Amino acid sequence: MSIIEESSPKMVRMAVLAVVGSHAVNGVAAIHSELVKTNLFPEFVQFYGASKFSNKTNGVTPRRWLLQCNPALATIISKWLGSTQWVANLGQLSGLKKFADNADLQKEFSDAKRENKERLANLIFKMNGVKVRPDALFDVQVKRIHEYKRQLLNILQVIHRYNRIKRASPQDRSRMQPRVCIFGGKAAPGYWAAKMIIRLITGVGKVVNDDKDVGDLLKVVFLANYNVSLAEVIIPANDISEHISTAGTEASGTSNMKFVLNGGLIVGTMDGANIEIREEVGDRNIFIFGCLTPEVEGLRHKMRFDRPKLDPRMDEVLTQISAGKYGPADKFQFLVDNLRNGGDTYLLGHDFPSYVAAQDEVDKSFQNKTDWVKRTIEAVSGMGKFSSDRTIHEYCAEIWNVPACPFTPPDNMTFRKPHWSDSVEANLSNMA
């Protein structure tokens, strides 16, 4: 419990100082708050009492992350709910659920998604020179590049998908679901591993996108310089989004909330806010895989000392990377060696089989278009909890002890042209 780290040289333990100096401590998702109490600061919970520690699950603002970035979907929601009051009371989205089987709403949802996917397809072509089909499944992972967020697991699975397509007969290929795998995010300047993961993704993209034999069955793109303006184009176009951190490593995440709010489904682990999103949208509207938090330490111990045999599909992928198929092998060999030789801290090897199975279930589900759009409507209708308005209200009432300042949007609220429609086009023109 010492504020000073008793080492050489001595250092201030900032997290401990924060707990001692604060009147309240909270995590930002239910699982995170529990880990704060049980793993990080159990002695302080015993010393101060449990009342000092609470949970305040993160949220996102629907004004930017739906009303502004996705006016097509926002207009549909207001039409079917009969007002724009959901903009300040996101819980009203629950009113959509009773219309989930309505063919007219399903068509409007589908049309809005198609419009957003066409816009993103145009952006991909302008930025990367890659033509993608808007009717393909858009699979998105855009976030900070970090080993615990497991972009590496995603691209290993993409390589496996590519291998499977290459081996498939023409008849089997005709039944495969076309997919566009979209990556984006930045690595910290000194984070070599993260930079090499980006380099591997772009290397895979070059091989896959140049392979005329594969054609439109698979495309892989990395959108450079990821920022809010790009996010406002990418997020409304998602069919699925990847939130696949090793269980127990993600505090909350908020992009998962943004993606579902915009009519996509999640492929994810039982980590961060994924757990609470699952509770709100229902088991059938999220694709869960991977180990659970209580299993992680035991699996890491087994990985280090017992060296479990890798799934043969993953082993094949790693062999191809080591052979230089997707870029200079010497740049990627440390990534391969970690996975083979007991350094798989984030348990990619353990979770790979269930991840592939989850992706197969996504393909199968997406081909039933009517049921898929019903699922997306149900998912959107369950996202009322994840408004930053609710989060801030809880902080005001339970931690800051300040009165709330309610906002009631006018009934005649209009949807202005999103700012990115001009700024992104201008940026692209400058790049050209």
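Residues numbered from 1 in each chain as written. Predicted model: local features only at pLDDT ≥ 70, side-chain atom pairs only at ≥ 80, totals over all residues. Heavy atoms only, no water.

### Some words on the environment of P403
- Position of P403 among the secondary structure elements: in the loop between helix 18 (388-400) and helix 19 (420-431).
- A relative accessible area of 72% places P403 in the exposed class. (Helix = DSSP H or I, 4+ residues; strand = E, 2+ residues; numbered from the N terminus. Buried < 20%, exposed > 50% of the residue type's maximum accessible area, 1.4 Å probe, protein only.)

### Quick notes on a nonpolar patch on the surface
- Together, M1, V20, F47 and Y48 make up a nonpolar patch on the protein surface, roughly 390 Å² of accessible area in all.
- Considering the arrangement of structural elements, one finds V20 in helix 1 (residues 14-21). (Patch = residues over 30% accessible without salt bridge, like charges linked within 9 Å, V, L, I, M, F, W, Y side chains within 5 Å. Areas by Shrake-Rupley, 256 points an atom, 1.4 Å probe, with all protein chains shown as cover. Salt bridge = Lys/Arg side-chain N within 4 Å of Asp/Glu carboxyl O.)

### Notes on the pairing of strand 5 (residues 137-142)
- Among the six residues of strand 5, six are classified as buried, and the element is accordingly described as predominantly covered.
- Of the two faces of strand 5, the one carrying L137, D139 and Q141 and the one carrying F138, V140 and V142 are both buried.
- In this sheet, strand 6 (residues 179-184) lies alongside strand 5 in parallel orientation, the contact comprising six bridges. For L137, the partnering residue across the bridge sits in strand 6 and is R179.
- Relative to strand 8 (residues 240-243), strand 5 runs parallel, the two sharing two bridges. Each residue of the ladder has a partner; that of D139, found in strand 8, is I240. (Pairing = 2+ DSSP bridges.)

### Structural notes on the sheet that holds strand 9 (residues 265-268)
- Pairing is parallel in the open sheet, where six strands are placed in the order 7-6-5-8-9-10. Either end of the sheet is taken by a strand with one partner, and the two such strands are strand 7 (218-223) and strand 10 (286-288). Put simply, the sheet's adjacent strands are angled 20° from each other on average, direction ignored.
- Helix 6 (residues 103-128) contacts strand 5, strand 6 and strand 7 of the sheet and is inclined by roughly 70° relative to strand 7. (Axes fitted to C-alpha atoms, helices over the stretch in contact; angles between N-to-C directions. Contact = heavy atoms within 4.5 Å.)

### As for the pairing of strand 6
- Of all six residues that make up strand 6, six are buried, and the element is covered over most of its length.
- The alternating pattern of strand 6 places R179, C181 and F183 and V180, I182 and G184 on opposite faces, both of which are buried.
- As for the winding sense of the linkage, the β-α-β connection from strand 6 through helix 9 (residues 192-209) to strand 7 is right-handed. (Right-handed = clockwise from strand over helix to strand, strands pointing away.)

### A few points about the packing of aromatic side chains
- With the rule as written, the count across this model stands at eight aromatic pairs.
- Centre to centre, the rings of F366 and W372 are 5.1 Å apart; their planes meet at 80°, and the pair counts as edge-to-face. Grouping residues by exposure puts F366 and W372 together as buried.
- An aromatic cluster is defined as three or more aromatic residues linked by ring pairs; in this entry it consists of F41, F44, F47 and Y48.
- If you follow K52 out to its NZ or CZ, it ends over the ring of Y48, 3.7 Å from the centre.
- Sitting above the plane of the F138 ring, K117 keeps its charged end 4.7 Å from the centroid. (Phe/Tyr/Trp six-rings, centres within 6.5 Å; stacked < 30°, edge-to-face > 60°. Lys NZ or Arg CZ within 6 Å of the ring centre and 35° of its normal.)

None of the figures reported here should be taken as evidence of function without further support.
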